[in-house]
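One letter stands for each residue in the lines below.
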Amino acid sequence: MIRDITLGQYYPGDSPVHRLDARTKIIGTLLYIIELFIVNNYWGFVIAAAALFAVIALSRVPVKFIFRGLSAVFIIIAFTFLLNLFMVDGRVLWHWKFLTITYEGLSRACFMAIRLVLLIIGSSMMTLTTKPIELTDGLEKLLKPFGLIGLPTHEIALMMTIALRFIPTLMEETDKIIKAQEARGADFESGNLLQRAKSLIPILIPLFISSFRIAQDLALAMEARCYHGGSGRTRMNEIHFGKGDVVAAILMVIFLAVIIASRFIPDLF
Amino acid sequence: MSIEVKNLTYIYNPGMPGETRALDGVSFEVHDGEILGIIGHTGSGKSTLLQHLNGLLRPTSGQVFVDGQCITDGKVRLVDIRRKVGLVFQYPEYQLFEETVAKDVAFGPRNTGLEESKIENRVRAALSLVGLDYDEIGESSPFELSGGQKRRVAIAGVLAMRPSVLILDEPTAGLDPAAHREILSMIRTIHESMGIIIIFVSHNMGDIASLSDRVIVMDKAKIAMSGTPQEVFSHDKQLAAMGLDVPPVRSIMMQIAAEIPSIQSNALTTQEAAEDIRRAIPGFEQ
Ligand SMILES: Nc1ncnc2c1ncn2[C@@H]1O[C@H](COP(=O)(O)OP(=O)(O)OP(=O)(O)O)[C@@H](O)[C@H]1O
Ligand SMILES: [Mg+2]
C-alpha cells in the first residue's frame, strides 16, 4: 500500500511535456495553482480541468498511474470535504441530531474538494514529467536573483533534490520494515486509535535510524567526491528554453486570460 | 511439518511501469527436518519467494501449503502462519526498535498472545539458542551491540515465537569471517536442538554445500535446478552460465585434479576433500 504513493515520483517518458524546460514547468505549475485560487465559479474549474487533462494526454502518463499515486492524498481531501460540509452555517438542507448540512456547506465543500484535487494533480504533473535533477536545476536558476539578497539558493535546491530523491528510498525502507515486523506477528490494522498509534513505534524507530544512516552515508559519499557547495560548479547538461517553451508560455498567458474572464460569466449552478 | 509450493507466480506492479515477473511457475516441496538452501543470481526472485512462505505476499497465482494447510486462499489467520513460519529478513538488525534486548526479543511472542509469565523463559531460551546470555545483555540496548550480536538478537526475536520452520534471507551478508562462522554454527545448533525445517538463501556456495540437505537454484524467476548439493554442484558449467559458482573446495579440488590426475575428488567440504586426498595417496595415514 505504502509503495503505491507516487507523490513526487518521476514517470520516464519522451513527450512534449517531458521535453519542456524545467523552469517553464515550475512557473506553469505555480501559475496554475494561483489560477485555481482566482477561479470563483464552476466554469473556471471546468476550464482548468480541461486544460489539465490536455496536459495529461500530451504527457502520455497513464491516468491510472496518476490516480493510484494519489489514493492516499484523497483521504485528506475527503476529510476536508466532510469538515466543510458540516461546519458552514446557512440554509439547512438536512438535519440529524447534532449534524447539519447546509446548502452553503455543500457548495463550499464541493468547491474546495475540486480545487484541492486539481491542485494536487496539477502539481504532481510537474514532478511526474520532470527528472528531479532537472527540477532542482530549474529551481536553482529561478531562485538565482534572490541569491543577491543572501538566500542560499544552491543549498535550497540541493535540499529539494535530496528530499525528492529519497522519497522512493524511504518508501522502500518502510515497506521492508513493515514486512519484517509483520513477520514477527505485528498487527497494524486492528485495535482502537491509541493501539494503532502505538503499533507504529516498531516502524518509526527503525525508520528514523535508517534515515540517519542513509543521511550519513550520503554526506560521506558527497564529501568523498569533493562536494563543496554551489560556487563555481558547472553542469554537464545545461537546461535551455526551446521552441516548445515559447509555445507553452503563450498558452499559459492565454489560459490566464481565460481563467480571469471566467470570473465574469454566470455560474454553472 | 512440510511446505509445499505449487505453481507459484508473482508479478510486482501489474499493469504499471516497472511491472516485474519475480516468480514464474515455481513448485517445490520441503520435508520435515530438512535444511533447504536457495541460491540464485541477484534479482532471480529468492526474497520474493521467501515472503510467500509466511503470507507476507499474496501470489498472483499458485498456492502455498504449510503442513497441508493452504495459506494463500485468504482463509487462515495470518498471525498463526507467521508464528509457525519464522522469517528473518536480510539485515534483520535494522528492525530492532526496543529499549532493551529482552523487550525486543519478546515482541514476537507478545504479538502472538503468549502469557506474560511464559515470555521471559521464551526470551531466555531464544537468546541462548543464538549464543547470547540473557543475564549479560538482556537489559542492554540493542543499539549498543556489535553488528554480529545485533543480528543474533534479531534472529532470536523470530526464534522466540517457536516457529516450526525457520527461514533466513542471506543470514551472513555483510559480516566479518568470525561473525560469519558464528552464524553458521548457530544455524546448526538451532537445527539440531529444535529439529525444525530451515530454509536459507545464501550467495556463499561453501555455506550452502556444508549446511543444506537439498539445494534449489533460482534463475530468472524460475527454478533452474534442484537436488542434493552433490547433484547441483556437479553442473558447474550451467551454474557459471547463471552467474553462480561452485564451492571453493570443489574448484580447488578440480584444479588439483588437473595437476595430479591421481587425486580425483568431487568433495564439497574440507572434510570430504581431506578424505579423498588421504585415499589417493597410499601410505598417507601411518
Ligand atoms: N517491492 C518491489 N517492487 C517491485 N519490484 C520488486 C520489488 N521487490 C523485488 N522486485 C523485483 O523482483 C525481482 C526479484 O527480486 P528479489 O528481491 O526477489 O530477488 P533476489 O533473488 O532476492 O535478489 P538478491 O539476491 O539481490 O536479494 C527483481 O527483478 C526485483 O527488481
Ligand atoms: Mg534478496
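Residues numbered from 1 in each chain as written. Chains lettered and ligands numbered in written order. Predicted model: local features only at pLDDT ≥ 70, side-chain atom pairs only at ≥ 80, totals over all residues. Heavy atoms only, no water.

**Notes on the overall build of chain B**
Within chain B, the secondary structure is distributed over 12 helices and 10 strands. The C-alpha radius of gyration of chain B comes to 21 Å, within 12% of the 19 Å expected for a compact globule of 286 residues. Oriented by its inertia axes, the alpha-carbon framework of chain B measures out at about 65 × 50 × 35 Å. By the burial criterion, 52% of the 286 residues in chain B qualify as buried. Within chain B, residue pairs in contact and separated by at least 24 positions form 62% of the contacts whose partners lie at least 6 positions apart. With 27 positive and 37 negative side-chain charges, chain B shows a separation of 5 Å between the mean positions of the two kinds. (Helix = DSSP H or I, 4+ residues; strand = E, 2+ residues; numbered from the N terminus. Rg over C-alpha atoms; globule rule 2.2 N^0.38 Å. Buried < 20%, exposed > 50% of the residue type's maximum accessible area, 1.4 Å probe, protein only. Contact = heavy atoms within 4.5 Å. Lys, Arg positive; Asp, Glu negative; His and termini not counted. Charge placed at Lys NZ, Arg CZ, Asp CG, Glu CD.)

**As for the sheet that holds strand S6 (residues 85–88) of chain B**
All names here are of chain B. Spatial strand order, S6-S7-S8-S3-S9-S10: 6 strands in an open sheet with mixed pairing. With partners counted over all chains shown, the strands left at the sheet margins are S6 and strand S10 (222–227), one partner each. For this sheet, the mean inter-axis angle between neighbouring strands, taken without regard to orientation, is 15°. (Pairing = 2+ DSSP bridges. Axes fitted to C-alpha atoms, helices over the stretch in contact; angles between N-to-C directions.)

**Focus: the interface of chain B and chain A**
Opposite the 23 residues of chain B that make contact, chain A presents 18 residues. Both faces considered, chain B and chain A share a buried interface measuring about 2000 Å² in area, 66% of it formed by carbon and sulfur atoms. Of all residues in chain B, the largest losses of buried area upon contact with chain A belong to Met-16, Tyr-94 and Phe-97 of chain B, amounting jointly to 29% of the total for that side. At the boundary of chain B and chain A, one finds 1 salt bridge. Linking Asp-104 of chain B and Arg-184 of chain A is a salt bridge whose minimum nitrogen-to-oxygen distance equals 3.0 Å. On the surface where chain B and chain A come into contact, there are 4 residue pairs in polar contact (both at pLDDT 80 or more). (Buried area = accessible area lost by both parts, 1.4 Å probe. Salt bridge = Lys/Arg side-chain N within 4 Å of Asp/Glu carboxyl O. Polar contact = N/O pair within 3.5 Å; in protein donor to acceptor, adjacent residues only side chain to side chain.)

**Some words on the layout of surface pockets**
Residues and elements named next belong to chain A. In this structure, the second largest pocket encloses a volume near 1200 Å³. If you trace the second largest pocket, you find 43 residues lining it, with Ile-133, Glu-134, Thr-136, Asp-137 and Thr-161 closest to the centre. Every element with two or more residues in the lining of the second largest pocket is listed here: helix H1 (16–19), helix H6 (132–147), helix H7 (153–183) and helix H9 (201–224). Here the element with the most residues in the lining of the second largest pocket is H7; it accounts for 10 residues. For the lining of the second largest pocket, the residue count by class is 19 nonpolar, 12 polar and 12 charged. (1 Å grid on protein atoms, 1.4 Å probe; cavity = no way out; pocket = protein on both sides within 12 Å on 5 of 7 lines; lining within 4 Å. Points joined across faces, edges and corners; volume = space filled by probe spheres on them. Nonpolar A, V, L, I, M, F, W, Y, C, P; charged D, E, K, R; others polar.)

**Topic: helix H7 (residues 177–194) of chain B**
Residues and elements named next belong to chain B. Helix length check: H7 (18 residues) gives 26 Å between terminal C-alpha atoms against 26 Å at 1.5 Å per residue, within 8%. Ala-179, His-180, Ile-183, Leu-184, Met-186, Ile-187, Ile-190 and His-191 are the residues of H7 that are buried. Projected onto a plane normal to the axis of H7, the buried residues spread over an arc of 155° and lie on a single side. Among the exposed residues of H7, those pointing more than 90 degrees away from its buried face are Pro-177, Arg-181, Glu-192 and Ser-193. In this fold, the buried residues of H7 make contact with strand S3 (35–40), helix H4 (116–129), helix H6 (147–159), strand S7 (165–169), strand S8 (197–201) and helix H8 (205–211). Where H7 begins, the side chain of Asp-176 points an oxygen toward the backbone nitrogen of Ala-178, at a separation of 3.1 Å. Looking at the residues trailing H7, positive phi occurs at Gly-195, about 60°. (Expected span 1.5 Å × (residues − 1). Arc of directions from axis to C-beta.)

**Quick look at the sheet that holds strand S1 (residues 3–12) of chain B**
Residues and elements named next belong to chain B. The 4 strands lie next to each other as S2-S1-S4-S5, forming an open sheet whose pairing is antiparallel. Across the chains shown, the open sheet's two edge strands, defined by having one partner strand only, are strand S2 (20–30) and strand S5 (69–70). As judged from the 7 bridges shared by S1 and S2, these two strands associate in the antiparallel manner. Bridge pairing in S2 links Leu-8 to Val-26. Packed onto the sheet, helix H1 (residues 46–53) meets S1, S2 and strand S4 (61–66) and runs at close to 120° relative to S1.

**Considering the environment of Leu-166 of chain B**
Mapped onto the elements of the fold, Leu-166 of chain B is located in strand S7. It is 20 Å that separates the C-alpha atoms of Leu-166 of chain B and Ala-102 of chain B, two residues lying 64 residues apart in sequence.

**What about the packing of H6 of chain A against H7 of chain A?**
All names here are of chain A. The interhelical angle for the contact between H6 and H7, taken along N-to-C directions, is 160°, at an axis separation of 8 Å. As the angle between them shows, H6 and H7 are arranged roughly antiparallel. For the pair H6 and H7, the sense of crossing is right-handed. Listed contacts from H7 to Pro-132, Leu-135, Thr-136, Leu-139, Glu-140, Leu-143, Lys-144 and Gly-147 of H6 are Thr-153, His-154, Ile-156, Ala-157, Met-160, Thr-161 and Leu-164. Its residues assigned to classes, the contact of H6 with H7 comprises 8 nonpolar, 5 polar and 2 charged. (Parallel < 35°, antiparallel > 145°, perpendicular 65-115°, else oblique. Left-handed = near helix turned anticlockwise from the far one by under 90°.)

**Some points on a nonpolar patch on the surface**
A surface patch of nonpolar side chains, about 730 Å² in accessible area, is lined by Leu-200, Ile-201, Leu-204, Ile-205, Phe-208, Ile-209 and Phe-212 of chain A together with Phe-143 of chain B. For Ile-209 of chain A, the position within the fold is in helix H9. Given the relative accessible area of 34%, Ile-209 of chain A is considered partly exposed. (Patch = residues over 30% accessible without salt bridge, like charges linked within 9 Å, V, L, I, M, F, W, Y side chains within 5 Å. Areas by Shrake-Rupley, 256 points an atom, 1.4 Å probe, with all protein chains shown as cover.)

**Thoughts on the environment of Thr-228 of chain B**
Residues and elements named next belong to chain B. Tracing the backbone through its elements, the reader meets Thr-228 in the loop between S10 and helix H9 (229–233). Taking relative accessible area as the criterion, Thr-228 reaches 31% and is therefore assigned partly exposed. Through-space distance from the C-alpha of Thr-228 to that of Leu-36 is 9.4 Å; in sequence the pair is 192 residues apart. Not counting residues up to four positions away in its chain, the partners in contact with Thr-228 are Asp-213 and Arg-214.

The analysis is restricted to geometry; functional conclusions fall outside its scope.
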